[in-house]
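# Summary of the model geometry
Chain by chain, the residues run as shown.
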Amino acid sequence: MTDLPPPESLEGRRLSPTELRDPDLGRRNGAWLRGWARPARGALAAAVACGALGGLLLIVQAFLLAAAIHLVVVMQRGPEALWPLLAVLLLVIALRALLHWAGERAGARAATLVKQRLRRAVFEAMLLRGPGWIREHRSGALASALIEQIEAFDGYFARYLPAMALAVFLPAAMVVAILSREPVVALLLLATLPLIPLFMALVGMGAAASSRRQLQALTRMGGHFVERLRGLATLKLYGRAEAELEEVRRVTDGVRSRTLAVLRIAFLSSAVLEFFAALAVAGVALYLGLSYLGLLTLRTAPLSLEVGLFCLLLAPDVYLPLRNLATHYHDRASALAAAEELRTLLESDLPQAPARHPTAPLAAAQPGRPLPQAEAIGLSLDDVTLRLGAGERIALDGVSFSVAPGEILALAGPSGSGKTTVLEVILGLRQPQQGSVLWNGVPLADLDPASLRARLAYMSQRPHLFHGTLAQNLRLFNPDASDAQVEAAARAAGVLDFAAELPQGLDTPLGERGFGLSGGQAQRLALARVFLRQAPLLLLDEPTAHLDRATEAALLERLASHARGRTLVIATHSPAVIAMASRVLHLAEGRIVAEEQR
Amino acid sequence: MKDLLFFLRLAARRRLSWMLAGALLTFTTLLAGTALLTLSGWFISAAALAGLAGAGAVFNFFVPSAGVRFFAIGRILSRYGERLVTHEATLRVLADLRVWFFRKAIPLAPARLGGLRSGEVVARVTSDIEALDNLYLRAVAPAAAALLLTLIAAGFLALFEPRLALVLLAAMGLAGVAVPLLIARLARRSGKAQARAAAELRGAALDGLQGAPELLAHGASDRAASALESASLRLSVAQRRQASLGGLGGALILFTTGLALVLLLLIAAQAVAEGRLSPPLLAMAALLLLGVFEAAGPLARACQSLGQTRFAARRLRSLAETEPAVRDCESPQDLPPGGDLAFERVSFAYGPDAPPVLHDLSLTVTEGERVAILGESGSGKSTLAHLLLRLWDPQAGRVLLAGTDISRVRQAELHQRIAFLSQDTPIFSGSLRENLLLGDPEAEEARLWEALDQAGLADFVAQLPEGLESWVGETGVNLSGGQGRRLALARALLKPSAILLLDEPTQGLDASAERAFFATLAQAARGRTLVLITHAQHLEGCVERVYRLDKGRLQPAP
């Protein structure tokens, strides 16, 4: 019905009109994408069926309209004679309208089904790769991948896939319909149809060669505005904000001229389609006119106006499914680009121990042996070596030590020396390439994750806060804790000190990502969670980094009394924390460089 | 609607000619398409009648067949031009919008842009701007072209039979105005729901990813995954409703086409029967109507997203028109030279309902003095820095710089006087040198290295193959958190200001690096006034006085 120019996104990669950067993009990712369409098969089939029925009704509509006009113009009948035909015509159009609506709904259903499933799967895959991987890729970028990249599949499933199915079927059906009434016109259309994909491909290839470099530049410039806006306060304080205005204009202008250079070629391919469509319609009109005038006699029987009009009405519609496909072709391009990014994100970094469910990250195999029910937990690491990424940087280099049950061990060392990594290796969140981790003498990999989890409390460097009240955040790892228990833990960790001043106390909701709590307050909240756990093994990562000395001292006192009879491993910078430890390991560049008994 | 008009005017102010040219080409494309159909319809009907009457030989087919070819080729060329020009216009408008917003945002930053952590606001702004840049391409140009085409087609029909023109006008009024407005109205709520669901989804994703270590360790990652899934589901529901409304719009327009076609045929048949209309004109009118309705299709799709666009427009405009937290006063004084600073009985809260942060705080620092302010996080230390920079104004009391009330001087001049390192100073994409030169555009090579050295980054930079020219930021060398912090610190040290205001300069540095930094800081400050906000411990020899900020009150530390 329409050939609205696609609302090309004007930035960076989503713009790519075809597989400009990489001609193999489609082959690599097409199958991957179609694999995800499986759960939406029903909805996709419904969308295609609606489109196909609507297209067939278009043939009926042309037939009825031509008949009605024929009745008046040639048979010279009055309006009364038209009534039955027009009633059916109106019915057909009403049906087409309903089918259009149903088709849009089915397409949207298909797309949302796929996106939902994909989103959950990708999210789980991200968690499966563990905290180290997430940090390397930055959670903000990963969240964008989960939202924008997956949203980029919308048009592909909602519109492109149905349009693709129809682009073959409908023109064929229409040509057959025309063939049954006027073979010459059908041949005329048949002659142009196969030329279209051929010429579009030729133009597309030209575009690929000329714009690969453009796109790279576009990606680099794309983020400029966002970055400068984000850093606006800094620019302003350095007196550079006004000067940056010019820079913003210059870069945006650069994006514009490069984008247009790409578009000039990209639009050529649709111009080719239009050219053939127009050529065919004009050809049909001329052929029909000349036949009526008797100037062209390619047929034996005289041509009726009804047949001629039918052909003329249907001729442009033969190209309509192709035009639709072209309109949605950019949906395919953005979906392929997004698929490529997601695939590389997820496939390049397969963890060493694959096939584990992300909700059971503690051990490589499951179910395993339960952890022996000892009073306390002892740990030992034996020659643990862990490399990051493709093995360039060494995070841990032959680390061996053990922790006796009930001991308080501090891990000290400069930032980047491997303290956090040690804790994450103990937790099984990262798999070392070499060496073993033993819990009470049993290799971590052999233990049942659930039995481990029940017996540890872990506080990371950036405690996890989520949308919800303070109390809900406190209960995160102990959903069944009583109010009295929550309050006791909150008091011990000093959460009540600031919560008491809030009008709703512990029921105060936290804003966007715990916005509203300072770093120190968030740490106290996380410490309260640790207290609430009542676990025999405590692993704490920089628990007092954001606290001033007085608060730190008060908290450490309570931590020490809580830790009595429990095993405690703390990564820290703080001298006060080191002072409370019974033993200190100093790390530097992934090795233990000194050990200090206190 | 007001907000959309506001942005249209904004766009038209500079880009009217591009926009008009685009709309005109959209129109000529539609016109050529309609004319092609109309002429063909008339041509074959007239030819058929002439053929039947045996007058085929005298029928002048040259003019109509030339017309058919002309319109066919014209449509292709016009279409190509239309797409290029409308995209050119859109991109130019986009550039204008960005520059406009950036300019508006300067006085707003940081207080009105979500504080110093403006990530969320910025993400929203950029997507709002993108929603708006489609306003012209998808709604305005097609609507203007459709209107013009309808009027011309109606005028043309009126030449033969005025009632046909009325049918066309009424139907296009329904399809082009009433239906889009109806759909836009219906889509308003689901548009809002969609925006909300998208924000929730992002929140859930970030929650889960940032909390991954703890969630995984405690086996609670399922919880995060189901939170994500339910947010994702809410988004799906809203999206489906939006799509359904778009489909409904298309269906209503299609049905209107049907009604109009039937009505037109009946009226035309009547006119033919009465001899007021020549028969081939009936075929022509029917095809004309179909041609004109091609123009209504894009409007249906535009109206579905109009709700969202309007939402974006309102948000963007209200943000841009927010009263800045601080303004230069009417007739600002010149700031006398010097590095004295004083807080006089300052009280402050971030909003009327927000808890008070500073109570009746007084502090005097004379030029060249070095003081440290310690305090628990959340005690208001950073707020003290924000007030000194006049990013916010205190509710009571005043802040003096070189003996002058800072609310009486130009902000630009004030900012020039203070070199500030905030807790999350960004690193910009670009070379290391560019990042440093932000501090002092005139700094010489040796000075750059000196600052790097003071910040403890010189060794690292020296071993980079490209040295100061190394590209940092999103597309360049990845600096670790600590390295980024040191770079920002070097930048602040470079800025030739009388006052050095450092908020947690050693955050992300280990103890030995911290000690080394404080040991050299006094020398780096070199006669400048230094205000050091920190909770570090070893400040001996670095500062002359230490204060402790506790619950918004300042006391000299023992």
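Small disclaimer: the values here were computed from a predicted structure and weren't measured.

## What about the sheet that holds strand β10 (residues 529-533) of chain B?
Residues and elements named next belong to chain B.
- Read from one edge of the open sheet, six strands run β6-β9-β10-β3-β11-β12, paired in mixed fashion. Of all strands in the sheet, those with a lone pairing partner are β6 (418-421) and β12 (553-556), marking the two edges. The sheet shows a mean angle of 20° between the axes of neighbouring strands, taken without regard to direction.
- Pairing analysis gives five bridges linking strand β9 (residues 499-503) to β10, with the strands arranged parallel. Considered in β10, the bridge of leucine 500 is made with leucine 530.

## Examining the domain arrangement of chain B
- Segmenting chain B into domains produces domain 1 (2-320) and domain 2 (341-556).
- Look at where the C-alpha atoms of domain 1 of chain B and domain 2 of chain B centre, and you get two points 51 Å apart.

## What about the domain arrangement of chain A?
- Its domain assignment divides chain A into domain 1 (12-347) and domain 2 (379-597).
- The C-alpha centroid of domain 2 of chain A is placed 53 Å from the C-alpha centroid of domain 1 of chain A.

## What to know about the UniProt feature "transmembrane region" (unreviewed entry) in chain A
Residue and element names in this part refer to chain A.
- Per the UniProt record, "transmembrane region" (unreviewed entry) is annotated on residues 43-69, 81-99, 160-179, 185-210 and 265-289.
- With 100% helix and 0% strand, the stretch residues 43-69 has end C-alpha atoms that lie 39 Å from each other.
- Along residues 160-179 one finds 100% helix and 0% strand; the C-alpha atoms at either end are 28 Å apart.

## Quick notes on the packing of helix α6 (residues 154-181) of chain A against helix α13 (residues 329-347) of chain A
All names here are of chain A.
- Put simply, α6 and α13 touch, their axes get as near as 8 Å, and they point 145° apart. For the element pair α6 and α13, the recorded crossing hand is left-handed. Contacts from Gly155, Tyr156, Arg159 and Tyr160 of α6 reach α13 at Asp331, Arg332 and Ala335.
- Residues that form the contact of α6 with α13 fall into these classes: three nonpolar, one polar and three charged.

## What to know about unusual backbone geometry
Residue and element names in this part refer to chain B.
- Omega for the peptide link from alanine 109 to proline 110 comes to -5°, which places this bond in the cis form.
- Examined against the element boundaries, proline 110 turns out to sit in the loop between α2 (62-108) and α3 (119-160).
- In this structure, aspartate 360 is a non-glycine residue whose phi angle is positive, near 45°.
- On the secondary structure map, aspartate 360 appears in strand β2 (residues 356-365).
- A positive phi angle is found at arginine 390, which is not glycine, with a value near 60°.
- Along the chain, arginine 390 turns up in the loop between α9 (381-388) and β4 (396-401).

## What about the confidence of the model for chain A?
- Of the residues in chain A, 86% reach a pLDDT of 70 or more, and the chain-wide mean stands at 82.
- Here residues 1-21 of chain A is a poorly scored stretch, pLDDT under 50, and it has 62 contacts once near neighbours within four places are set aside; other chains count.

## Notes on the sheet that holds strand β5 (residues 442-443) of chain A
All names here are of chain A.
- Pairing in this open sheet of four strands is antiparallel, and the strands run β2-β1-β4-β5 from one edge to the other. For this open sheet the edge positions go to β2 (394-403) and β5, each flanked by a neighbour on one side alone.
- Of the strand pairs in this sheet, strand β1 (residues 379-387) and β2 are connected by six bridges, and their pairing is antiparallel. Each bridged residue has a counterpart across the sheet, and for leucine 381 the counterpart in β2 is phenylalanine 401.
- In the packing of helix α14 (residues 419-426) onto the sheet, contacts are made with β1, β2 and β4 (434-439), and the angle to β2 comes to roughly 65°.

## Some points on helix α5 (residues 139-151) of chain A
- Compared with an ideal rise of 1.5 Å per residue, which puts 13 residues at 18 Å, α5(A) spans 18 Å between its outermost C-alpha atoms and is within 8% of the ideal.
- Of all the bends in α5(A), the largest measures some 30° and sits at A:Ala145.
- In this fold, the buried residues of α5(A) make contact with α3 (83-128), α4 (130-137) and α13 of chain A together with α4 (162-210) of chain B.

## Things to note about the interface of chain A and chain B
- Listed per partner, the contact involves 126 residues of chain A and 136 residues of chain B.
- Of the residues forming the side of chain A that touches chain B, the biggest block, 25 residues, is contributed by helix α11 (residues 241-292) of chain A.
- Among the residues making up the side of chain A that touches chain B, the classes are represented as 75 nonpolar, 28 polar and 23 charged.

Procedures and definitions
- For every chain, the first residue of the written sequence is number 1, and numbering continues from 1 along that sequence.
- Think of it this way: whatever chain is written first is A, whatever ligand is written first is 1, and the rest follow in order.
- This being a predicted model, a pLDDT of at least 70 is required before a residue's local features are given, and a value of 80 or more before pairs of side-chain atoms are given or counted; all residues contribute to the totals for chains, interfaces and linings.
- For two strands to pair, DSSP has to find at least two bridges joining them.
- Helix numbers and strand numbers start at the N terminus; a helix is a DSSP run of H or I with at least 4 residues, a strand a run of E with at least 2.
- Throughout, an axis means a line fitted to C-alpha atoms (over the contacting stretch in the case of helices), and angles, computed between N-to-C directions, take values from 0 to 180 degrees.
- As used throughout, domain bounds are those supplied by an automatic or database domain assignment.
- UniProt positions are given in the numbering used here, feature names are shortened, and annotations may be inferred rather than shown by experiment.
- Note on convention: the crossing is left-handed when the near helix lies turned anticlockwise from the far helix by less than a right angle, right-handed when the turn is clockwise.
- Two residues qualify as a contact pair if the distance between their C-beta atoms, derived from the backbone, is within 7 Å.
- When residues are grouped by polarity, Ala, Val, Leu, Ile, Met, Phe, Trp, Tyr, Cys and Pro land in nonpolar, Asp, Glu, Lys and Arg in charged, and all others, Gly among them, in polar.
- pLDDT measures the predictor's confidence residue by residue and takes values from 0 up to 100.
- An expected span of 1.5 Å times one less than the residue number is assigned to each helix.
- A residue's bend is given by the angle between axes fitted to the 7 residues ending at it and the 7 residues starting at it.

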